[in-house]
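Descriptive analysis of the structure
Chain by chain, the residues run as shown.
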Amino acid sequence: DDVSIKVISTEEHEVITGPQDTSLCLTHDIMLLPILLLVMELFASSRASFSLTGDSPWVVPPELATPSEARSDFANDTAQTLALRDIELDWYKVLGYRAIIQTNTSFVPDVDVRNTSTPILFFGDATRHAWLEDTFNLSTRGCQLHRAAEVHCLATFTGGFYWNGQYVSNPAIIAVGNGTRGAVYAMYALSEIVLEVAPFHLFTFDQPSWKGAVTVPILLQNFGPPTFVHRAIFLNDEELLGFYRRDPLGEQIFDTATVDDILQTLLRIKGNTIIMGTTPYPDERSLAMASRRGVIITASHFEILGFNAFAWSQAFQGARPAVHAFSACIFVVLFVHAFCVCILHIHSHRFANLIASVCDCQ
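Residues numbered from 1 in each chain as written. Predicted model: local features only at pLDDT ≥ 70, side-chain atom pairs only at ≥ 80, totals over all residues. Heavy atoms only, no water.

When helices and strands are counted, the protein chain shows 12 helices and 15 strands. Among the 362 residues that make up the protein chain, the fraction classed as buried is 44%. The long-range fraction of contacts in the protein chain, counting pairs at least 24 apart against all pairs at least 6 apart in sequence, stands at 69%. As displayed, the protein chain offers around 20000 Å² of accessible surface, 59% of which is attributable to carbon and sulfur atoms. (Helix = DSSP H or I, 4+ residues; strand = E, 2+ residues; numbered from the N terminus. Buried < 20%, exposed > 50% of the residue type's maximum accessible area, 1.4 Å probe, protein only. Contact = heavy atoms within 4.5 Å. Areas by Shrake-Rupley, 256 points an atom, 1.4 Å probe, with all protein chains shown as cover.)

Dropping the structure here:
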């Protein structure tokens, strides 16, 4: 790493840079220069990347050690555990092995890693798990996680590190973030950049391919504070998409597995907010799934005004009007009434009736 190149002028036959007492002599040593450059190139290329296989262990906090279960009651842990489960499946598809997961409290490099050249992967939320900063000095090595929530970093270290006072020469891959979503984004960034798994692969034909091993470049990639605080998708047009993967229990538009795929894809592309359909019911499991994933739940104007478009006939005391009587004016009346009740805190039957008469709506 400390090799310096001395630039030699063939016109003046003198050293342009470098100490005088160690300069290369053109008359005797000029033939050594191509050999020196070749050796340096080979040395640099050997340090510029390393191979990652299924033998590489993962080191995670204890609460994330069983991603296939995701049973934690603590929402932050559940969101990270579910993301770790996703990239564990990516890992299996690309490298052909289930991940070897160790906890930072029980990991012993001499015992758990067979070869000193085997890379070790580390995951976690740096704001909650101080051992990540203590081990790798992330703040001084370029991972600027302190800037804001959701900031995350993907880095490789080839110079070794100290673990519980013991020097470990293995290369390390660090995927860490600031806060729960920062840690989740870091996991998916590793999947996309290192394993080359397409973020939208759950809904496209661009499926992960088996490689057996991948070449990991020396990298330090920071993902800074997002420009927009909320980055949302809106599951709309249910009448067009409702039969795509509908819920067989009829409790919501899509089955829970599809909702989970949608939420996972949202997080893979660094989104953080969702409008779960036009007017979801408050007890839908899709909302609980979004909460477990650590996704912010928002709504359209319907929910804000206390109105569910799929239950509009309940406004008529359960008596569903004739189909021919249905018109946009019904929604106008309901909207105005809901606005007055929820926003102005008054019961405006007279105003609603006025709107109804203007719309010629019974």
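Positive phi outside glycine occurs at Glu150, with the angle close to 75°. Considering the arrangement of structural elements, one finds Glu150 in the loop between α5 (130–136) and β7 (152–157). With phi around 60°, Glu196 is a residue other than glycine that occupies positive phi space. Tracing the chain through its elements places Glu196 in the loop between α6 (179–193) and β11 (213–217).

It is worth spelling out the pattern of salt bridges at this point. Counted by the stated rule, this structure contains 13 salt bridges. Here Arg293 and Asp86 are joined by a salt bridge, their closest N and O atoms 2.8 Å apart. Remark: Asp86 occurs in helix α3 (residues 75–95) and Arg293 occurs in the loop between α9 (285–292) and β15 (296–298); sequence separation between them is 207 residues. On the basis of relative accessibility, which here comes to 1%, the residue Arg293 falls in the buried class. A network of salt bridges, in which partner residues are shared, links Arg85, Asp86, Asp260 and Arg293. (Salt bridge = Lys/Arg side-chain N within 4 Å of Asp/Glu carboxyl O.)

Looking now at α9. For α9, the set of buried residues is Ser286, Leu287, Met289 and Ala290. Taken down its axis, α9 places every buried residue within 160° of arc, on the same side. Trailing α9 by a residue or two, Gly294 shows a phi angle of about 80°, which is positive. (Arc of directions from axis to C-beta.)

Let us now look at the confidence of the model for the protein chain. Mean pLDDT over the protein chain: 79, with 70% of residues reaching 70 or higher. Counted against residues more than four places away or in other chains, residues 1–28, with its pLDDT under 50, gives 23 contacts. Contacts for the low-pLDDT stretch residues 36–46, under 50 throughout, to residues beyond four places or in other chains number 3 contacts. (pLDDT = per-residue confidence, 0-100.)

Strand order in the open sheet made by the 3 strands is β13-β14-β15, with parallel pairing throughout. Each end of this open sheet is capped by a strand with a single partner; those strands are β13 (232–234) and β15. For this sheet, the mean angle separating the axes of adjacent strands, direction not counted, is 25°. For β13 and strand β14 (residues 273–275), the ladder comprises 3 bridges, and the chain directions are parallel. Bridge pairing links Phe234 to Ile275 in β14. (Pairing = 2+ DSSP bridges. Axes fitted to C-alpha atoms, helices over the stretch in contact; angles between N-to-C directions.)

We now examine the pairing of strand β6 (residues 120–125). Of all the 6 residues making up β6, 6 are buried; the element is thus mostly covered by neighbouring parts of the structure. Covered by surrounding structure in β6 are Ile120, Phe122 and Gly124 together with Leu121, Phe123 and Asp125, the residues of both alternating faces. Where strand β4 (residues 57–60) and β6 come together, 2 bridges link them in parallel fashion. Residue pairing in the sheet places Val59 in a bridge with Phe122 of β6. The pairing of β6 with strand β10 (residues 172–177) spans 6 bridges and is parallel. If you follow Asp125 over to β10, its bridge partner there is Gly177.

Here we take up the packing of α6 against helix α8 (residues 256–268). Closest axis-to-axis distance for the α6/α8 pair is 9 Å, and the angle between their directions is 85°. By the angle between their axes, α6 is roughly perpendicular relative to α8. Here Val184, Tyr185, Tyr188, Ser191 and Glu192 of α6 lie close against α8, whose contacting residues are Gln264, Leu267 and Arg268. When its residues are assigned to classes, the contact of α6 with α8 shows 4 nonpolar, 2 polar and 2 charged. (Parallel < 35°, antiparallel > 145°, perpendicular 65-115°, else oblique. Nonpolar A, V, L, I, M, F, W, Y, C, P; charged D, E, K, R; others polar.)

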